[in-house]
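Residue-level listing of the chains:
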Amino acid sequence: QEAMVDGERGILVVAPEAATRAAAAERGAEIEQRRKLAESFRLKPATMPNGEPVAVMINAAGPDELQTLDPAMCDGIGLVRSEFLFHDGARLPDEEKQYQAYRRVLEWAGQRPVTIRTLDAGGDKPVAGLTLDDEGNPFLGTRGIRLSLLKPDIFRVQLRALCRAALHGSLKIMLPMVAVPSDLARGREHLDAVVAELQAAKIPHRRPPLGIMVEVPAAAIAIDRFDADFYSIGSNDLTQYVMAAARDIATLADYADAADPAVLSLIARTVEHGRKTGRDVSLCGDAASDPAIVPHLLKAGLRTLSVSSASVGLVKAAIAGALPE
């Protein structure tokens, strides 16, 4: 039997009738129109209708996915998920392997800024032999910076590789799941120690700026407690924690709304603190890739968004106010 699939909406129709075929044809035309619009904006600088510029970065899971992309499409990389190096069941990557991978990412970006997140294992990203297996609620467990501080030897290997790679571009280091100021302070102590080790060994390196993910409500509510070099809002976790709805439960999908006023108020609070203190604030969660949510993020004051590479064109069109109603 003939079947029709709408991949965007997750709809399968078996043996479609004439009315369904007609609706599908109309929808196909809409999708093609949107594709052409996205392509027309993809390599253009992003600007709001009033001419104000907005930086559009991309999210990346490693150097391999960048090879088919044109760096001119973006203003840099707002999030590199370093978990790509920590494959479940494989040996943990040594310093040299990490250094080479980070260097490839930086060389692709040229002089564009690149933010690499330290290992965010745990939660829905377990790594055998590294993450804890017996936690009742891993989303609220030992993940992100908590795991790195629990495994300082592994953490320092990553920091050494990052400091060495920083010579090859404009690198920033970001700590995930920061909830209290001591998370940042202890992470900075490890970075300082690594820099001292590299200096003593006369190994070429550079100390990158150190920022935090703002994804725990405690950090967003009291952002003035966190003396980070920059802030990057993780909308996925921030939304699930604010709305008390796990992001991996399909029946709770309606609660996973980054445009909810409660979530937007915390985003605006973080942006305002960054403006007052002269610190960069960006957003790198899925919300930035959703053209329907982008206007809400701009209204909250954000002027740097990091999106999936496939979403760049449509996000730029949304910023320009060029999407059809």
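See above for the structure.
Quick look at the structure, then.

1. Focus: the pattern of salt bridges
Reasoning step 1: Counted by the stated rule, this structure contains 22 salt bridges.
Reasoning step 2: The salt bridge partner of Asp-6 is Arg-27, with a shortest N-O separation of 2.4 Å. Here Asp-6 is found in strand β1 (residues 3-6), whereas its partner Arg-27 is found in helix α1 (residues 18-41), with 21 residues between them in sequence. The exposure classification of Asp-6 matches that of Arg-27, with both residues buried.
Reasoning step 3: The partner of Arg-34 in a salt bridge is Glu-8, and the shortest N-O contact between them spans 2.4 Å.

2. Considerations on the pairing of strand β4 (residues 77-81)
Reasoning step 1: For β4, a buried count of four out of five residues is recorded, marking the element as mostly surrounded by other parts of the structure.
Reasoning step 2: With three bridges joining them, strand β3 (residues 55-60) and β4 adopt parallel strand pairing. Among the inter-strand pairings, Asn-59 is bridged to a residue of β4, identified as Leu-79.
Reasoning step 3: Sheet analysis places β4 next to strand β5 (residues 113-117), joined by three bridges and oriented parallel. Within β5, the position partnered with Ile-77 by the bridge is Val-114.

3. A look at the side chain of Thr-142
Reasoning step 1: Relative to the elements of secondary structure, Thr-142 occurs in the loop between β5 and α3 (145-150).
Reasoning step 2: A polar contact of 2.7 Å, which involves the side chain of Thr-142, links it to the side chain of Glu-135.
Reasoning step 3: With residues up to four places along the chain from it excluded, the contact list for Thr-142 reads Ala-121, Leu-132, Glu-135, Leu-147 and Leu-150.

4. Topic: the nonpolar core
Reasoning step 1: Within the largest apolar cluster, 81 residues are counted, with the highest numbers of intra-cluster contacts made by Ile-77, Ile-267, Leu-283, Leu-297, Leu-302, Leu-305 and Ile-319.
Reasoning step 2: A per-element tally of this core places helix α2 (residues 95-109) first, with seven residues.
Reasoning step 3: Excluding its chain neighbours within four sequence positions, the residues that come into contact with Ile-319 are Ala-46, Thr-47, Met-48, Pro-49, Val-54, Val-56, Val-294, Leu-298 and Leu-305.

5. A word on helix α10 (residues 312-319)
Reasoning step 1: With eight of eight residues buried, α10 lies mostly within the body of the structure.
Reasoning step 2: Within α10 the residues assigned to the buried category are Val-312, Gly-313, Leu-314, Val-315, Lys-316, Ala-317, Ala-318 and Ile-319.
Reasoning step 3: Residues of α10 that are buried sit in contact with α1, β3, α9 (294-299) and β10 (304-307).
Reasoning step 4: Just past α10, the residue Gly-321 takes up positive phi, approximately 70°.

6. Focus on the packing of helix α4 (residues 152-165) against helix α5 (residues 181-200)
Reasoning step 1: Orientation of α4 relative to α5, taken along the N-to-C sense of each, is 60°, at an axis distance of 9 Å. In this view, α4 runs oblique relative to α5, as classed from their interaxial angle. Remark: the crossing between α4 and α5 carries right-handed chirality. Along its contact with α4, which presents Pro-152, Phe-155, Arg-156, Leu-159, Arg-160, Cys-163 and Arg-164, the element α5 presents Gly-187, His-190, Leu-191, Ala-193, Val-194, Val-195, Glu-197 and Leu-198.
Reasoning step 2: Its residues placed into classes, the contact of α4 with α5 shows nine nonpolar, two polar and four charged.

7. A short note on a nonpolar patch on the surface
Reasoning step 1: The grouping of Val-5, Leu-12 and Val-14 at the surface amounts to a nonpolar patch, some 310 Å² of accessible area in total.
Reasoning step 2: Counting through the fold element by element, Val-5 comes out in strand β1.

8. Some remarks on helix α8 (residues 261-277)
Reasoning step 1: Taking 1.5 Å of rise per residue, 17 residues should cover 24 Å, and α8 covers 24 Å from first to last C-alpha, within 8% of that figure.
Reasoning step 2: In the core, the buried residues of α8 are packed alongside β7 (210-214), α6 (217-221), β8 (230-233), α7 (235-243), β9 (280-283) and α9.
Reasoning step 3: Gly-278, located one to two residues past α8, shows a positive phi value of around 75°.

The rules we used
- Throughout, a residue's number is its position along its own chain's written sequence, starting from 1.
- Only residues with pLDDT of at least 70 get local features here, since the model is predicted, and only at 80 or more are side-chain atom pairs given and counted; chain-wide, interface and lining totals rely on the full set of residues.
- Here the side-chain values reflect all heavy atoms present in the structure, with hydrogen atoms and water set aside.
- One side-chain nitrogen of Lys or Arg within 4 Å of one carboxyl oxygen of Asp or Glu is enough to make a salt bridge.
- The numbering of helices and of strands both runs from the N terminus, where a helix is a DSSP run of H or I of at least 4 residues and a strand a run of E of at least 2.
- Using a 1.4 Å probe on the protein chains alone, a residue whose accessible area is under 20% of its type maximum counts as buried, one over 50% counts as exposed, and one in between counts as partly exposed.
- Any two strands between which DSSP finds at least two bridges are classified as paired.
- Identification of polar contacts relies on pairs of N or O atoms within 3.5 Å, with a donor-acceptor requirement for protein atoms, meaning one able to donate a hydrogen and the other able to accept it, and with residues adjacent in sequence counted only if both atoms are side-chain atoms.
- Any two residues whose heavy atoms approach within 4.5 Å at even a single point are treated as in contact.
- We define the nonpolar core as a collection of buried residues of types Ala, Val, Leu, Ile, Met, Phe, Trp, Tyr and Cys that are connected through side-chain atoms lying within 4.5 Å of one another.
- Note on geometry: axes are C-alpha line fits, over the in-contact stretch for helices, and angles between N-to-C directions span 0 to 180 degrees.
- Here roughly perpendicular refers to angles of 65 to 115 degrees, roughly parallel to angles under 35, roughly antiparallel to angles over 145, and oblique to all remaining angles.
- The handedness criterion is simple: a crossing whose near helix is rotated anticlockwise from the far helix by less than a right angle is left-handed, and one whose near helix is rotated clockwise is right-handed.
- Residue polarity follows a fixed list, in which Ala, Val, Leu, Ile, Met, Phe, Trp, Tyr, Cys and Pro are nonpolar, Asp, Glu, Lys and Arg are charged, and the others, Gly among them, are polar.
- Patches were defined on residues exceeding 30% relative accessible area and lacking a salt bridge, with like-charge contacts within 9 Å and nonpolar side-chain contacts (Val, Leu, Ile, Met, Phe, Trp, Tyr) within 5 Å.
- A 1.4 Å probe and the Shrake-Rupley method give the accessible areas. Residues count as covered only by the protein chains that appear here.
- To estimate how far a helix should extend, the number of its residues minus one is multiplied by 1.5 Å.

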